[in-house]
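What follows is the residue order along each chain.
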Amino acid sequence: LYGDELEPLLSLAAGSAVHRVPDGESAKSLEVAGEAWEWLVESGGKRDSRLLTLGGGSVGDLGGFLAGCFLRGIEYVQLPTTLLAQVDASIGGKTAIDLPSAKNSVGLFHHPVQVLADPSWLATLPAPELRSGLFEVVKMAFLLDPQLFERLEADLDSLLNGKAEAWTPIVAAAAAAKIGVVERDPEESGERKLLNFGHTLAHALETALGYSDLRHGEAVGWGMRLAVRLSETRGLDRSTGDRLERLIQRIGLPPLPSLSSGVLIDLMARDKKAREGGISWVLARDLGQGWVCDAGGVRGTATKPVGTGEVERELRGLLTEASH
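Okay, so let's go over this structure.

For the rest of this paragraph, the subject is helix α11 (residues 261–269). A turn of α-helix holds 3.6 residues, and therefore any two residues three or four places apart point the same way. When we look at burial in α11, the residues that qualify are S261, L264, I265, L267 and M268. Seen from one end, α11 has its buried residues packed into an arc of 160 degrees, which puts them on one side. Packing partners of the buried residues in α11 comprise α8 (199–208), β6 (281–286) and α12 (308–322). The backbone nitrogen of G262 has a side-chain oxygen 3.2 Å away, supplied by the residue at the start of α11, namely S260.

Let us look at unusual backbone geometry. Glycine aside, a negative phi is what most residues show, and trans is what most peptide bonds show. We note that R72 has phi near 65 degrees; this positive angle belongs to a residue other than glycine. Looking at where R72 falls in the secondary structure, it is placed in the loop between α3 (57–69) and β2 (75–80). Classification of R72 by relative accessible area gives exposed; the value is 79%. Located in the positive-phi region is N104, a residue other than glycine, with phi close to 55 degrees. Among the secondary structure elements, N104 is positioned in strand β4 (residues 102–109). The class of N104 is buried, set by a relative accessible area of 14%.

Attention now goes to the packing of helix α5 (residues 127–144) against helix α9 (residues 216–232). For the pair α5 and α9, interaxial distance at closest approach is 7 Å and the crossing angle is 45 degrees. Between α5 and α9, the angle is such that the two are oblique. Relative to α9, the crossing made by α5 is left-handed. Note on element contacts: α9 touches α5 through H216, G217, E218, V220, G221 and M224, opposite P128, S132, F135, E136, V138 and K139. Broken down by class, the residue content of the contact of α5 with α9 amounts to five nonpolar, four polar and three charged.

Between the first and last C-alpha of helix α10 (residues 238–251) there are 20 Å, a value that for 14 residues agrees with the 20 Å anticipated at 1.5 Å per step. Backbone geometry just downstream of α10 places G252 in the positive-phi region, at approximately 100 degrees.

Contact geometry for α9 and α12: axes closest at 10 Å, N-to-C directions at 135 degrees. Judged by the inter-axis angle, α9 sits oblique to α12. Along this stretch, α9 crosses α12, giving a crossing that reads as right-handed. Here W222, R225, L226, R229 and L230 of α9 come into contact with α12, specifically with E310, E314, L315, G317, L318, E321 and A322. Looking at the contact of α9 with α12 residue by residue, the class counts come to six nonpolar, one polar and five charged.

Rules and cut-offs
Residues numbered from 1 in each chain as written. Predicted model: local features only at pLDDT ≥ 70, side-chain atom pairs only at ≥ 80, totals over all residues. Heavy atoms only, no water. Buried < 20%, exposed > 50% of the residue type's maximum accessible area, 1.4 Å probe, protein only. Helix = DSSP H or I, 4+ residues; strand = E, 2+ residues; numbered from the N terminus. Arc of directions from axis to C-beta. Contact = heavy atoms within 4.5 Å. Polar contact = N/O pair within 3.5 Å; in protein donor to acceptor, adjacent residues only side chain to side chain. Axes fitted to C-alpha atoms, helices over the stretch in contact; angles between N-to-C directions. Parallel < 35°, antiparallel > 145°, perpendicular 65-115°, else oblique. Left-handed = near helix turned anticlockwise from the far one by under 90°. Nonpolar A, V, L, I, M, F, W, Y, C, P; charged D, E, K, R; others polar. Expected span 1.5 Å × (residues − 1).

Put into structure tokens, the structure is as follows:
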């Protein structure tokens, strides 16, 4: 839809070539990456070449990974066309492809030299994709920007039914929230881990379903619901958790097929965020206050660790609700 808009930019280059990749998560495979590296060589790619990625989050993830590895690293620019990519996936330099047994399990940090997000491109985005991206906005708003969260609560209906222009301040605010965290912690050694809120279960769901039938943002929505349950047993006020639940319900989550809690727990243990000592969980203390609880709890406090038994109990309850 928007490839022709790049022509004025490409005409300024000494030379250019275009390579198309599959849609969605299927782009993030070893096979697709290998074909793209061969294309880069055959097209005359050099150390001072620049790769442009036009598309959603999967195209950006793949393109950043290709650029980070090709000739030990070339520059790349993100041109995200989906809400999820504009507010989250294109920002921060996380690049990766999937293995059949684990999402985003092969990758590296390689930051784009520029990100150009045009909210007018959202006008043609299918409604389910728009809603999927909204869950990433909610994630950042709930943990990082209470004012943005309140704006989503107030304006959700008009956003879902409005024109693309209505999304400009939302995209800008969500991107700014993530940029602030990434600048302070570019390689996720501390504060940036908060951006994984809801992703521990989300990645397990996506893997269990073969990266189909559930969009990434939708999986994050289910993951946030589990994280809120675990947060409430560690001090999150029920009324705050209920606010997040209501917003998620208003956006709308698809039902889940029948899934085993045991299988999902095994998949979570393989997640790239897991450590030798167990799974770390991103939880919430209050609106705008996130924290990381590792397998040993919080050192120097009475905060209990998130045990497998507790996760399985809460997960079974959530899966029961999801099947209805």
